[in-house]
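# A look at the structure
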Amino acid sequence: MPTPLPSTRLDGLHALVCGASAGIGRAAALALADAGAELTVLARSADKLAALLPLLLEAGAPAARALVADLDQREHLGRQIASLLEAHGPVQVLVNNTGGPPPAPLLESDEAAFTTAFGRHVLASHLLVRALLPGMRAAGYGRIVNVISLSVREPIPMLGVSNTIRGAMASWAKTLAMELPPGVTVNNVLPGYTDTERLGSLSQAVAARQGLTAEEVQGAWCAQVPEARLGQPAELGAVIAFLASPAAAYLRGASIPVDGGRLRCL
Ligand SMILES: NC(=O)c1ccc[n+]([C@@H]2O[C@H](COP(=O)([O-])OP(=O)(O)OC[C@H]3O[C@@H](n4cnc5c(N)ncnc54)[C@H](OP(=O)(O)O)[C@@H]3O)[C@@H](O)[C@H]2O)c1
């Protein structure tokens with residue numbers, strides 16, 4: 001008998017997806033549901049999360065619930081996660097994802113912009129990993145997937161604070177990859193230009209500075225991409241769901257660009 005291929009199914013696993021009310025996080029939650037995972041979706045917008053829950057059940061999640069939480073309010077977040085684990089059991093799949101820092105040149109950014117972004121991205125992810133790791137360790141299975149950015153490899157103009165914080169996230173994740181026990185992995189996805197609200201506001205900010213329209217800015221972006229278009233959130237969701245699955249067991253500490261070929265470096 002040939003050895004069966006490792007599965008991409010997520011039946012029996014409980015996934016917590018942060019920043020799930022929109023964009024890439026929402027698409028990741030739908031992809032994980034499609035693969036059979038139970039979902040807890042976290043964001044600040046209760047109404048958007050409530051609208052997502054029936055779609056997750058329809059996609060195939062055996063159960064889905066909302067956790068209305070703010071990654072900036074970490075003391076409260078810690079208590080909310082403890083209650084989640086008590087009420088619904090351990091989480092084996094964590095997607096660390098949140099809103100990107102607002103666009104601005106580095107030299108126009110004040111100290112508060114850095115500390116807020118560091119807290120929302122690095123400290124919130126760290127808190128969640130420490131809270132969820134005992135359950136992952138006990139299960140002998142854990143998948144941590146961080147949504148970061150191509151700027152881990154190449155800084156992006158007008159995203160001074162973001163570029164800085166993405167580097168910190170990538171270093172945090174690589175260190176974590178050395179410390180986590182066998183069976184518990186951490187990997188990063190690095191989105192390229194992906195068609196979400198975040199990209200819409202970024203193109204408007206760049207357009208205002210350059211005296212162009214947002215459509216012209218997006219057109220110029222697509223011209224840098226060999227696939228000649230923006231990425232769709234579902235295309236990021238599919239990669240995240242794969243990284244969460246048993247099939248990705250030997251991927252650890254990797255940063256995977258999902259960018260239509262935009263990144264030129266090896
Ligand atoms: N789209 C792109 O082209 C692109 C490219 C490279 C990197 N990225 C990065 O990928 C990540 C996701 O991007 P996206 O385009 O999907 O962003 P998005 O459309 O702006 O969605 C961000 C999500 O994060 C949530 N969020 C923001 N602040 C939060 C907080 N303090 N606490 C809890 N949840 C919070 C938002 O929900 P609530 O407002 O309901 O809380 C929303 O669900 C971002 O870090 C972004 O910078 C995106």
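This text goes with the structure placed above it.
Quick summary incoming for the structure in this document. (Residues numbered from 1 in each chain as written. Predicted model: local features only at pLDDT ≥ 70, side-chain atom pairs only at ≥ 80, totals over all residues. Heavy atoms only, no water.)

## Quick notes on the overall build of the chain
For the chain, the count of helices and strands is eight helices and seven strands. Its C-alpha atoms give the chain a radius of gyration of 18 Å, near enough to 18 Å, the size a compact globule of 266 residues would have. With the C-alpha coordinates of the chain rotated into their principal frame, the extents come out at 55 × 50 × 40 Å. Here the chain, with 266 residues, has 48% of them falling under the buried criterion. (Helix = DSSP H or I, 4+ residues; strand = E, 2+ residues; numbered from the N terminus. Rg over C-alpha atoms; globule rule 2.2 N^0.38 Å. Buried < 20%, exposed > 50% of the residue type's maximum accessible area, 1.4 Å probe, protein only.)

## Observations regarding the pairing of strand 6 (residues 184-191)
The element strand 6 is largely enclosed, with a buried count of eight among its eight residues. Of the two faces of strand 6, the one lined by Val184, Val186, Asn188 and Leu190 and the one lined by Thr185, Asn187, Val189 and Pro191 are each fully buried. Pairing analysis gives six bridges linking strand 5 (residues 142-147) to strand 6, with the strands arranged parallel. Its bridge partner lying in strand 6, asparagine 146 is registered against asparagine 188. Traced from strand 5 through helix 5 (residues 160-179) to strand 6, the parallel crossover comes out right-handed. Relative to strand 7 (residues 255-258), strand 6 runs parallel, the two being bridged by four bridges. (Pairing = 2+ DSSP bridges. Right-handed = clockwise from strand over helix to strand, strands pointing away.)

## Notes on the nonpolar core
Membership of the largest hydrophobic core comes to 34 residues, with the highest contact counts inside it found for Val17, Leu32, Leu39, Val41, Leu56 and Ile240. Ignoring sequence-local partners within four residues, the contact set of leucine 39 consists of Ala15, Val17, Ala29, Leu32, Ala33, Leu56, Ala61, Ala63, Ala64 and Arg65. Leu67, Leu71, Leu84 and Ala124 belong to the second largest nonpolar core, which has 31 residues in total. (Core = buried A, V, L, I, M, F, W, Y, C linked by side-chain atoms within 4.5 Å. Contact = heavy atoms within 4.5 Å.)

## Quick notes on the sheet that holds strand 1 (residues 14-18)
With respect to topology, seven strands assemble into an open sheet ordered 3-2-1-4-5-6-7, the strand pairing being parallel. A single partner strand is all that each edge strand has here, and the edge strands are strand 3 (64-68) and strand 7. Across this sheet, the average inter-strand angle for adjacent strands is 20°, counted without regard to direction. Relative to strand 4 (residues 93-96), strand 1 runs parallel, the two sharing three bridges. If you follow valine 17 over to strand 4, its bridge partner there is valine 95. Against the sheet, helix 8 (residues 233-243) engages strand 4, strand 5, strand 6 and strand 7, with an angle of about 165° to strand 6. (Axes fitted to C-alpha atoms, helices over the stretch in contact; angles between N-to-C directions.)

## Focus: the packing of aromatic side chains
Within this structure, the stated rule accounts for one aromatic pair. A ring pair is formed by tyrosine 193 and tryptophan 221, whose centres lie 4.7 Å apart and whose planes are at 10°; its orientation type is stacked. Residue tyrosine 193 is located in the loop between strand 6 and helix 6 (197-210), and its partner tryptophan 221 is located in helix 7 (residues 214-223); the two are separated by 28 residues in the primary sequence. The pair tyrosine 193 / tryptophan 221 is uniform in exposure class, with both members buried. A cation over an aromatic ring shows up here: arginine 143 above the ring of tyrosine 141, its NZ or CZ 4.2 Å from the ring centre. (Phe/Tyr/Trp six-rings, centres within 6.5 Å; stacked < 30°, edge-to-face > 60°. Lys NZ or Arg CZ within 6 Å of the ring centre and 35° of its normal.)

## Some remarks on the site of the ligand
The environment of the ligand is made up of 31 residues, and the closest members are Arg44, Ser45, Arg166, Thr194 and Thr196. The separation between an oxygen atom of the ligand and a polar side-chain atom of serine 21 is 2.8 Å. Protein contacts shield 91% of the accessible area of the ligand, which totals 890 Å² for the unbound molecule. When residues of the shell around the ligand are assigned to their parent elements, the largest contribution, three residues, is made by helix 6. Across the shell around the ligand, the residue classes tally to eleven nonpolar, 13 polar and seven charged. (Near = heavy atom within 4 Å. Polar contact = N/O pair within 3.5 Å; in protein donor to acceptor, adjacent residues only side chain to side chain. Areas by Shrake-Rupley, 256 points an atom, 1.4 Å probe, with all protein chains shown as cover. Nonpolar A, V, L, I, M, F, W, Y, C, P; charged D, E, K, R; others polar.)

## Describing the environment of threonine 164
With respect to the helices and strands, the residue threonine 164 is situated in helix 5. For threonine 164, a relative accessible area of 41% gives the class partly exposed. For the pair threonine 164 and leucine 106, spaced 58 residues apart in sequence, the C-alpha separation works out to 9.0 Å. In contact with threonine 164, not counting residues within four places along its chain, are Leu106 and Phe114.

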